[in-house]
Amino acid sequence: MGGLSSCMDLDETVYDKLPAESFGQTEVEINALVGNAHNTMKRFAANFMHLSECSGSMAVVPTRRGGDWYDGGQYAEIYMHSWTAMTLRIRDCWDNATEGIATCNAAINLLQNSEGVLTEELKAEKIADVRGVRAFWIYVMMDYWGNIPLLTEYSASDKVFPSCTPRQEVFNWLITELNEIKDICPAPTSANYGCFTQGAAYTLLAKLYLNADAWGVTTSENNYQKVVEYCDKVMGMGYILEPNWKDNFSVNNQNSREAILATTFTSQDTGSDGNVQWQLMNNTLHYKDYLGLGIAAKDTWNGICAQPDYVRLFDEEDPRLEGSFLIGQMYDATTGEEIITDHNNPLNHTIDVTMIPGTEYGGSNWAAVEQHDGARCIKWEFAVDLTTAMENDYHIFRLADVYLMKAEALLRGAGGAGEATQLVNDVRTRAYGNSDHNYATVTLEDVQLERRLELAWECSSRQDDIRFGCFEQGMWPASNCERLTGEYLKLMPVSQDAWQVNPSLTQNPGYAAFAQ
């Protein structure tokens, strides 16, 4: 019985139909099963940025002059918290998560039934890896929707229509599940990059306990002491803060020793058969930005940008400002000339995003903005030869986040400000390249700020804003688009389409009943 190749080498063929019950009896088939589970996490990177960062305080997808990105009003709904069960992005993200869970359930079933291919130890490790990916998706669903269908068994023939399980029970299940697999998962080594490793399991446990109070779930533990315990475990596993912050986002960021849970992309991803492309450049860059950046991607869509006051949180001396946002006048990289948009405006990415009077939609304050408005995402390096798919990997969990989680837990009751200050200063020192901007002592507000500076665009905004009590406050006051308020908005509505597939689902409180 042989050993299998590393996570980076897995055959990530994605099947549009579940394989036969006999599948999983060769190394190639085992690799395909595990690779398919890993591949589901690509959808998190590709789709959840809109839901997290735009419902939080970080980003917005404005409607551009001419109507681009209005999309039936869904992005206005996400920013103004006026979403419904019909909001398309909410539907898509629900589908991404449930499909990820189903893929993992099928893979676990086949792995458990495989015989003679793996040693028992390696078989248990592979199963734990896939169970970890499934736990990640269940955590995502619990975070966004709270009460969710907790389906952890695979059924080959019968359609199963599970009802919603209360968030408390889902939380309890996750704690038990992760404790069962945390020391069986692949070791946190470079060979296991792309796997759900022991580091990922302990990081996810820390996130569960850090957010428990905000989620309204109860435990028999001191939540913040558990956060510290699990963060310490991760910090002792050999990860480091990469000396160069931008190395975490480079084209070849698979070499980052800071990455704890990564979903891997290549420029050869096709976008079909579940082989998701990461097209951040399309989602954020103006149609003519390629001329200024000197890249090959000419078909960008001019969408997401930063909420203005979020950008203004950054010190001008902080390298993460320029490293996160594309701001200012764009010049042709070949000729040096100022780039002009098709609306005869300079292609100047202003921090401000300004509504154009007279372009309001549907009797609301939501209106179009100029096509060049807004600081764009440039956190991940754009390869010069980039065309349709990015090569960069997406690090769902990384060590800087763990440092800041531990600092927050210490300040919330698991210790004192001394160690918390050192942890925040370690992150700041790495970012600035010196200690000149370090704190003498930190508060929770300082930790919140540092999370915003460090984790912009990384799908942390919504969860952080809920935990810090500012979810109702956007950072685009000049829009005059006030957000709806209410505790119920901390949970997303269950998708109408999901209910039509599974009528056993229950809508979350505060939202209109499903349309019959």
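What counts as what
- Residues numbered from 1 in each chain as written.
- Predicted model: local features only at pLDDT ≥ 70, side-chain atom pairs only at ≥ 80, totals over all residues.
- Heavy atoms only, no water.
- Salt bridge = Lys/Arg side-chain N within 4 Å of Asp/Glu carboxyl O.
- Helix = DSSP H or I, 4+ residues; strand = E, 2+ residues; numbered from the N terminus.
- Buried < 20%, exposed > 50% of the residue type's maximum accessible area, 1.4 Å probe, protein only.
- Expected span 1.5 Å × (residues − 1).
- Contact = heavy atoms within 4.5 Å.
- Polar contact = N/O pair within 3.5 Å; in protein donor to acceptor, adjacent residues only side chain to side chain.
- Disulfide = S-S within 2.5 Å.
- Axes fitted to C-alpha atoms, helices over the stretch in contact; angles between N-to-C directions.
- Parallel < 35°, antiparallel > 145°, perpendicular 65-115°, else oblique.
- Left-handed = near helix turned anticlockwise from the far one by under 90°.
- Nonpolar A, V, L, I, M, F, W, Y, C, P; charged D, E, K, R; others polar.
- Patch = residues over 30% accessible without salt bridge, like charges linked within 9 Å, V, L, I, M, F, W, Y side chains within 5 Å.
- Areas by Shrake-Rupley, 256 points an atom, 1.4 Å probe, with all protein chains shown as cover.
- Lys, Arg positive; Asp, Glu negative; His and termini not counted.
- Charge placed at Lys NZ, Arg CZ, Asp CG, Glu CD.
- Core = buried A, V, L, I, M, F, W, Y, C linked by side-chain atoms within 4.5 Å.
- Pairing = 2+ DSSP bridges.
- Phe/Tyr/Trp six-rings, centres within 6.5 Å; stacked < 30°, edge-to-face > 60°.
- Lys NZ or Arg CZ within 6 Å of the ring centre and 35° of its normal.
- pLDDT = per-residue confidence, 0-100.

Student: Is there a simple way to think about the pattern of salt bridges in this case?
Tutor: Oppositely charged side chains are able to pair whenever their charged atoms sit close together. Inspection of the entire model under this criterion finds 34 salt bridges. K379 is the salt-bridge partner of E458, the closest N and O atoms lying 2.6 Å from each other. Residue E458 is located in the loop between α15 (444–455) and α16 (461–467), and its partner K379 is located in the loop between β11 (376–377) and β12 (394–398); the two are separated by 79 residues in the primary sequence. Summarising the burial analysis for this pair, E458 and K379 share the class buried.

Student: Would you take a moment to explain helix α6 (residues 167–181) for this structure?
Tutor: Residues separated by three or four positions in an α-helix point in the same direction, a consequence of the helix having 3.6 residues per turn. Over its 15 residues, α6 extends 21 Å from the first C-alpha to the last, a length consistent with the 21 Å expected when each residue adds 1.5 Å. Buried residues of α6: R167, V170, F171, W173, L174, I175, E177, L178 and I181, and no others. In the core, the buried residues of α6 are packed alongside α5 (120–145), β2 (148–149), β3 (164–165) and α7 (198–215).

Student: Sorry if this is basic, but what is going on with the side chain of D465 here?
Tutor: Residue position: D465 is located in helix α16. Residue D465 is classed as buried on the basis of its relative accessible area of 2%. A polar contact of 3.4 Å, which involves the side chain of D465, links it to the side chain of R452. Apart from the residues lying within four places of it in its own chain, the contact partners of D465 are G56, S57, Q448, R452, C470 and F471.

Student: For this particular structure, what's the right way to read the state of the cysteines?
Tutor: Cysteine pairs can be covalently joined through their sulfur atoms, and such a bond is termed a disulfide. Evaluation of the coordinates by the stated rule reveals 0 disulfides. We note that C93 lacks a disulfide partner, and the nearest cysteine sulfur, in C459, lies 8.8 Å from it. Classification of C93 as buried rests on a relative accessible area of 0%.

Student: Can you walk me through the packing of helix α4 (residues 88–113) against α5 in this structure?
Tutor: The packing of two helices is summarised by the inter-axis angle and the distance between the axes. Running from N to C, α4 and α5 cross one another at 160°; their axes reach a closest spacing of 9 Å. As summarised for this structure, α4 and α5 are arranged roughly antiparallel, according to the angle between their axes. Here α4 and α5 pass one another in a crossing that is left-handed. Split into classes, the residues belonging to the contact of α4 with α5 amount to 16 nonpolar, 5 polar and 4 charged.

Student: What is the right way to look at a negative patch on the surface in this model?
Tutor: Taken together, the side chains of D315, E316, E317 and D436 present a region of like negative charge at the surface. Residue position: E317 is located in the loop between α11 (308–311) and α12 (319–324). A residue is classified by how much of its surface remains accessible, and E317, at 57% relative accessible area, is exposed.

Student: Looking at this model, I keep getting lost on unusual backbone geometry. Mind explaining?
Tutor: A positive phi angle, near 50°, is found at D71, a position not held by glycine. Mapped onto the secondary structure, D71 falls in the loop between β1 (59–60) and α3 (74–80). Classification of D71 by relative accessible area gives partly exposed; the value is 40%. In the Ramachandran plot, N344 falls in the positive-phi region, its phi being about 65° despite a non-glycine side chain.

Student: Sorry, what's going on with the nonpolar core here?
Tutor: Soluble globular proteins: nonpolar side chains tend toward being buried together. In this structure, F136, W137, F196, F325, W380 and W457 are the most contacted members of the largest nonpolar core, which totals 144 residues. The biggest single contributor to this core is α5, with 15 residues. Residues in contact with F325, not counting those within four places in the same chain, are M58, A306, Y310, V311, F314, A375, R376, I378, A456 and W457. Counting residues in hydrophobic clusters, the runner-up holds 12 residues, among them C305, V353, A367 and V369.

Student: Looking at this model, I keep getting lost on the pairing of β12. Mind explaining?
Tutor: Two faces, one strand: in a regular strand the side chains alternate between the faces of the sheet. In terms of burial, β12 is a largely internal element, 5 of the 5 residues being buried. Bridging between strand β4 (residues 259–263) and β12 involves 4 bridges; their strand directions are antiparallel. If you follow A262 over to β12, its bridge partner there is H395.

Student: Just checking my understanding: could you explain the packing of helix α13 (residues 399–414) against α15 for this structure?
Tutor: As a packed pair, α13 and α15 sit with axes 10 Å apart at the nearest point and diverge in direction by 170°. On the basis of their axis angle, the class for α13 and α15 is roughly antiparallel. α15 is crossed by α13, and the crossing has left-handed handedness. For the pair α13 and α15, contact is made by A400, D401, L404, M405, A407, E408, L411 and R412 and by L444, V447, E450, R451, E454 and L455, respectively.

Student: Would you mind going over the environment of A389 with me for this structure?
Tutor: With respect to the element layout, A389 can be found in the loop between β11 and β12. Once the C-alpha coordinates of A389 and G303 are considered, the two residues, 86 residues apart in sequence, prove to be 17 Å apart.

Student: It is not clear to me how the packing of aromatic side chains should be interpreted in this structure. Could you clarify?
Tutor: Taken as a whole and assessed by the stated rule, the structure comprises 31 aromatic pairs. Between the aromatic rings of Y139 and W215, the centroid separation amounts to 6.3 Å while the plane-to-plane angle is 65°, which identifies the pairing as edge-to-face. Residue Y139 is found in helix α5, and its partner W215 is found in helix α7; the two are separated by 76 residues along the sequence. We classify Y139 as buried; its relative accessible area is 6%. Looking at R462, its charged tip hangs above the ring of Y144, at a distance of 4.3 Å from the centre. The ring of Y79 has R483 lying over it, and the distance from NZ or CZ to the ring centre is 4.6 Å.

Student: Would you mind going over the confidence of the model for the chain with me for this structure?
Tutor: It should be kept in mind that the predicted coordinates are not to be read in detail where pLDDT is low. Per-residue confidence for the chain gives a mean pLDDT of 94; residues scoring 70 or more make up 95%. Between residues 1–5, whose pLDDT stays under 50, and residues either more than four places distant or in other chains, the model counts 19 contacts. Counting interchain partners and residues more than four positions distant, the pLDDT-below-50 stretch residues 9–18 has 27 contacts.

Student: Is there a simple way to explain the environment of I466 in this structure?
Tutor: Structurally, the position occupied by I466 is in helix α16. Note on I466: relative accessible area 10%, which makes it buried. Residues I466 and S504 lie 38 residues apart in sequence; the distance between their C-alpha atoms is 28 Å. Ignoring any residue separated from it by four or fewer positions in sequence, one finds I466 in contact with A214, F471 and K490.

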